[in-house]
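Understanding the architecture of this molecule
One-letter residues, chain by chain:
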Amino acid sequence: MTKSQEVAYDLREQILSGELGGGEALPSESKMMGQYGYSRETIRAGVRVLVEEGLVVTGQGQGKYVREDYPPVVWNWTTLESRSRHANAVEGQTAGDQWASAVTEEGKTPRQDISVSIVEPPPHVRECLALPEDGLAVARKRTRYVDNRPYALADSYFPQELVVGTPLMEPRDVSAPGGILASVGLVQAKYRDEISVRMPTRQEAELLALPAATPVAEHTRTGYDSDGRPLRCMVTILPGDRHKILYEVSTD
């Protein structure tokens, strides 16, 4: 190993063993220079390796800190948004927004920042909703927090003509028995899910306060009525360090 690799290896072992805990500051550069007997530039190069690996983050000023662990939120997409879950909703427990209900059931506190606008949707959303080239969509964009920490971005798009005048136009949490769409006669009979894994955009990294080297999963769920007409396309950005996705699939 080079000298900088040696520094990175030793610090990495301390982090993985728990000797240096999440959120804890690394020793100062001066202290590490004395400990390892190497120059400041060598120490910085070793720490930079761990920043690139995502084990170390930069704090206020020049400080470096061990990356904090986020308690994972479990997404059971087998039942999330299912009609049976809506039908059996219990006020204060599973009623309302199904994501918030799932978070609450895990003993955590959910919160959402919501904005609503009429937009020209991104190309892949336009395709999912089968909109014409000049078609517009109502976009409900949400930043989702768990215990006041940003956990996910969830943007739902609806064909404009379907939801104008409904509660979905309101920039706040809205709910109805069976779901808002169903309450206005638009029942989602099936979903189509697409999942891709990639590095975040700069805007996503800023909104979610992502440390370096944090991939995200992009989950696109399109809901259709019984005739196959698309009613909604939801694009959710899930940082890889704070989510677990669960599916149960029948072999039939």
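See the structure printed just above.
Residues numbered from 1 in each chain as written. Predicted model: local features only at pLDDT ≥ 70, side-chain atom pairs only at ≥ 80, totals over all residues. Heavy atoms only, no water.

1. Considerations on the pattern of salt bridges
Under the defined criterion, the tally for this structure stands at 15 salt bridges. The salt bridge involving Glu-194 is made with Arg-192; its shortest N-O contact spans 2.6 Å. The exposure class assigned to Glu-194 is partly exposed, which follows from its relative accessible area of 33%. Salt bridges sharing common partners tie together Glu-29, Arg-40, Glu-41 and Arg-44. (Salt bridge = Lys/Arg side-chain N within 4 Å of Asp/Glu carboxyl O. Buried < 20%, exposed > 50% of the residue type's maximum accessible area, 1.4 Å probe, protein only.)

2. Some remarks on the packing of aromatic side chains
Counted according to the given criterion, the structure contains three aromatic pairs. Ring plane angle 65 degrees and centroid distance 5.9 Å describe the contact between Trp-75 and Trp-77, whose orientation is recorded as edge-to-face. Of the two residues examined, Trp-75 and Trp-77, each falls in the buried class. Seen from their ring centres, Trp-77 and Tyr-247 are 5.8 Å apart, and the 65 degrees between their planes marks the pair as edge-to-face. Remark: Tyr-247 occurs in the segment after strand 10 (243–246) and Trp-77 occurs in the loop between strand 3 (73–76) and helix 4 (83–87); sequence separation between them is 170 residues. Residue classification places Tyr-247 among the partly exposed positions, given a relative accessible area of 37%. Three or more aromatic residues joined by ring pairs form one cluster here, namely Trp-75, Trp-77 and Tyr-247. Lying over the aromatic face of Tyr-145, Arg-111 brings its terminal NZ or CZ to 4.0 Å of the ring centre. The positively charged end of Arg-221 is found above the aromatic ring belonging to Tyr-191, 4.5 Å away from the centroid. (Phe/Tyr/Trp six-rings, centres within 6.5 Å; stacked < 30°, edge-to-face > 60°. Helix = DSSP H or I, 4+ residues; strand = E, 2+ residues; numbered from the N terminus. Lys NZ or Arg CZ within 6 Å of the ring centre and 35° of its normal.)

3. Details of the sheet that holds strand 9 (residues 230–239)
Spatial ordering of the open sheet is given by 4-5-6-9-8-7, a layout of six strands whose pairing is antiparallel. Sheet topology places strand 4 (110–119) and strand 7 (190–198) at the edges, where each strand pairs with a single neighbour. Across the sheet, the axes of successive neighbouring strands diverge by a mean angle of 15 degrees, strand direction being ignored. Two elements, strand 8 (residues 216–224) and strand 9, share nine bridges in a ladder whose sense is antiparallel. The partner of Arg-221 across the bridge, within strand 9, is Met-234. Sitting on the sheet, helix 5 (residues 98–105) is in contact with strand 4 and strand 5 (137–146), with an inclination near 170 degrees to strand 4. (Pairing = 2+ DSSP bridges. Axes fitted to C-alpha atoms, helices over the stretch in contact; angles between N-to-C directions. Contact = heavy atoms within 4.5 Å.)

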